[in-house]
Amino acid sequence: MQYGFFDDDNREYVITTPFLPARWINYIGTLSFGGYVDHTGGGVICKGDPSLNRITRYAAQLPASSMNGETCYVRVKTPEGYRLFSPFYTPVLEPLDRYQCRVGLSYTRFVSEALGLRVEVTVFVPAAHPRVLRRIRVTNVSKKPIRADLAPVVEYSHFEAFKDFANADWVPQTMQSRIETGPDGARILTQFAFMRRSGKRNFFTASAPFSSFESDRNKFLGDGGYGSWRHPLSLREEELSCTEVNRGRNIGALMIRLGELNPGETKEITTQLGQFDDFSGDPAAEWERIAHYRDPANVERALEELAAFWDKYLSAYRAETPDKAMNTMLNVHGPRQCRVTFNWSRFLSLYELGLGLRGLGCRDSAQDALAVLASAPEEARALLEKLLRIQCRDGHAMHQFYPATMEASAGESGGMPDRPSYYSDDHLWVVLAVAGYLKETGDLEFLRREIPYYDRGTDGRPIEGGTVLDHLERALAFTASHTGAHGLPLLGFADWNDSVNLPAGAESVFTACLYGRALLEMIELERHLRHDDSARKLERDHRAMKAVVARAWDGEWFVRYYDRDGRPLGARDSAGAKIYINAQTWAVLSGFADDERARRALDSVHEKLSCGIGYKLSAPSYDGYDPSVGGVTSYPPGAKENGGIFCHTIPWLMIAETLLGDGDRAAAIYDLLNPVNKNEAAERYEMEPYCYSQNMLGDEHPEYGKARNSWLTGTASWAYQAAAHYILGIRPGYSGLVVDPCIPRSWPGFTVTRVFRGAAYRIEVQNPRGLCKGVARLTVDGKEIPGNVVPFASPGMAVEVRAALS
């Protein structure tokens, strides 16, 4: 069963029913101001840190039928009284004659019909001025006049999101709302916590005058709060009470009289939800901006500017392949999701609730940055600088941080006294991300930039700083100096797999391989810088760790860990989880597995971990909690890291297959993972088919195939890189644009348009002999050149490239 379809011409996914198996969402705005909107019109909005400056009250745990954050009522006058419906279906639950939710690039557009009216609601955040705009167009599609009103509603959160749920004493005592009149005579309804009444005040208003308003939730619902969001008793009355509430649950509800609409007539209203900032803003300018968006032409212009942004952003890479689903994901929805994860990391979603427990992750953000470099290199550099600022002097990095304050923490690693207080992988991902940035931009000056380490003295100031190159070298040195009994890097509290937490002294084969990959990146960089002595030293380090990892071979695959007593985990004799996918794929990505073992290790993945719809993280599952192993055993068999299909890991298998030259397998795995291909089976998959999910339940779970944790996942970045850089094989290098595809034998070829350092390259790859890999002939603007690297062209130039596999 499917719940919608892809509209590639408009770069949208169109949901055609409100009755979805789970909430499907779309992100609007950015971390500086924005949030997400779900398919029932609800949404969570914040300005900056979602735990410290939340605006709307949204509880992801509520049923989809509930009002959540924002909604809108349409009220139609009939001889029997008023009838209500919502253009989002929820919360009125009045049957709709038509329903569409068009998930676009940074906007969502709802189109619904009921009671003779068509209502179109477009929700977005304009780039120029942070606020949520909801443009509402109401059209009479009947054959007779209809008298109608609109009642848009927002429910507010306390700005400290966690306290809004945890403190039912202090919070309601502080919440207040007031009506304010601007210089032009227009009114807005403001809301604030008492201590911020002269500082940051939320505002809610509309482009048309409202005849009445409500700020008391109990009065809006009626019967002292025993009324319902489905049928608020206040909407039976001609007007709302115009209460300026002094405590309790604050809402903003506006009564907007549309009057009589003749057949075919349309009326347009735009609501604004934003925040005054009297401390750092200009109140007079804010009133001017509110007036600006009362003009429908300015709202339309803001939508056009949003579309223009995405036109430019997506123009950096565009592919046309024989795989239509790959084109849809790689050209539109994949890069869109990658930008969302880059912006939000794992800060705010339906799963990470943004209540102050996480912030931005070091490893997460480093991986996210790798997928936006072509379209947003300056923004990526700014994030990389933040990540380098949370690296400690000894080379390891803090696990997570809050970007507004740059306060960092060690994550969950401080809660178990017999486990170390650092993660063994965080700092190494930053090496990969910086190398990616340098290849994309050629900005070698960045390496000389001085950035302080996170360690602070008693005065709160950084104790020491170093160049970016120094940061990278210390990251490698930390791993090299923190090894265990087998010579492998110590696990720390955990590596990429957060859920395996072994007592101090355990070692990680994955971290060894990630270190190996980071060494390869640094060797290439040092060679490019002509630091030959440094490069030779790193090559010796790579050979040494390769020999160590070779001893972790278990006959048909690499083991994953050794515990502090020297027992292997992820080995054929292990009680549970006899094989892990990451030890196999990263042994290939690091160059540590020789050809024979690399092929055997990946074959073991296909034989032991494939389950028809994806690849499990490990198998078999643990069946019972074991604190000596850690959080992985807290999940039932087949869930998450305990034998689940952890989608984040699957692109690494694609990349490994391309490195071994098997384009058929790599593309087949991509097709398996691509959510576009799950649209026909969305009832089973449950999550949005227009974005990747973090995980699916594995075949040892009774609900095998259900996905969770969509949007904010490293799956997005790595699936994009696997397809763009390794299957299609167009990737940046220090000497030019590398053309190294590894495609299915059945493909006759493909084309890619790539903007690289200001020049536009149109690359046509031909496959006349039905091969997977091997560029035999490369021409640039009609001239044949040796090798498979296209030299740099001057900014503004258009370059024609043709490559033939042979």
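Residues numbered from 1 in each chain as written. Predicted model: local features only at pLDDT ≥ 70, side-chain atom pairs only at ≥ 80, totals over all residues. Heavy atoms only, no water.

(A) Local environment of unusual backbone geometry. A cis amide bond, omega 5°, links threonine 90 with the succeeding residue proline 91. Note that the residue after alanine 619, namely proline 620, is joined by a cis bond; omega there is -10°. Structurally, proline 620 is set in the loop between β29 (618–619) and β30 (645–646). Positive phi, close to 50°, is recorded for alanine 577, a residue that is not glycine. Note on placement: alanine 577 falls in the loop between β27 (568–569) and β28 (579–580). (Helix = DSSP H or I, 4+ residues; strand = E, 2+ residues; numbered from the N terminus.)

(B) Region of the structure containing the packing of aromatic side chains. The full count for this structure, using the stated rule, is 40 aromatic pairs. Their ring planes at 80° and their centres at 6.3 Å tell us that tryptophan 24 and tyrosine 690 sit as a pair that is edge-to-face. One end of the pair, tryptophan 24, is in the loop between β2 (12–15) and β3 (25–30); the other, tyrosine 690, is in the loop between α17 (682–685) and β31 (693–696), and 666 residues separate them in sequence. Here tryptophan 24 and tyrosine 690 have matching classes, each one buried. By the ring-pair criterion, three or more aromatic residues cluster together here, those being Tyr3, Phe6, Tyr13, Trp24, Tyr27, Tyr36, Tyr58, Trp344, Tyr690 and Trp711. (Phe/Tyr/Trp six-rings, centres within 6.5 Å; stacked < 30°, edge-to-face > 60°. Buried < 20%, exposed > 50% of the residue type's maximum accessible area, 1.4 Å probe, protein only.)

(C) Quick peek at the pairing of β3. Of the pairings in the sheet, the one linking β3 to strand β4 (residues 33–38) comprises six bridges and is antiparallel in character. Residue pairing across strands places asparagine 26 opposite valine 37, the latter belonging to β4. Hairpin connection, β3 to β4: the antiparallel pair is bridged by two residues. (Pairing = 2+ DSSP bridges.)

(D) Fine view of helix α18 (residues 714–727). The end-to-end C-alpha distance of α18, which contains 14 residues, comes to 18 Å, matching closely the 20 Å that a straight helix rising 1.5 Å per residue would cover. Along α18, 14 of the 14 residues are buried, which leaves the element largely enclosed by surrounding structure. Glycine 729 occupies a position one or two residues after α18 and carries a positive phi of about 75°. (Expected span 1.5 Å × (residues − 1).)

(E) Region of the structure containing the nonpolar core. Formed by 217 residues in total, the largest nonpolar core has its most connected members in Trp429, Leu728 and Tyr761. It is helix α11 (residues 509–528) that provides the largest number of residues to this core, a total of eleven residues. Apart from residues lying up to four places away in sequence, tyrosine 761 is in contact with Leu737, Val752, Thr753, Arg754, Phe756, Val790, Pro791, Phe792, Ala793, Val799 and Val801. Formed by 14 residues, the second largest nonpolar core is a distinct cluster that contains Tyr73, Trp229, Ile251 and Met255. (Core = buried A, V, L, I, M, F, W, Y, C linked by side-chain atoms within 4.5 Å. Contact = heavy atoms within 4.5 Å.)

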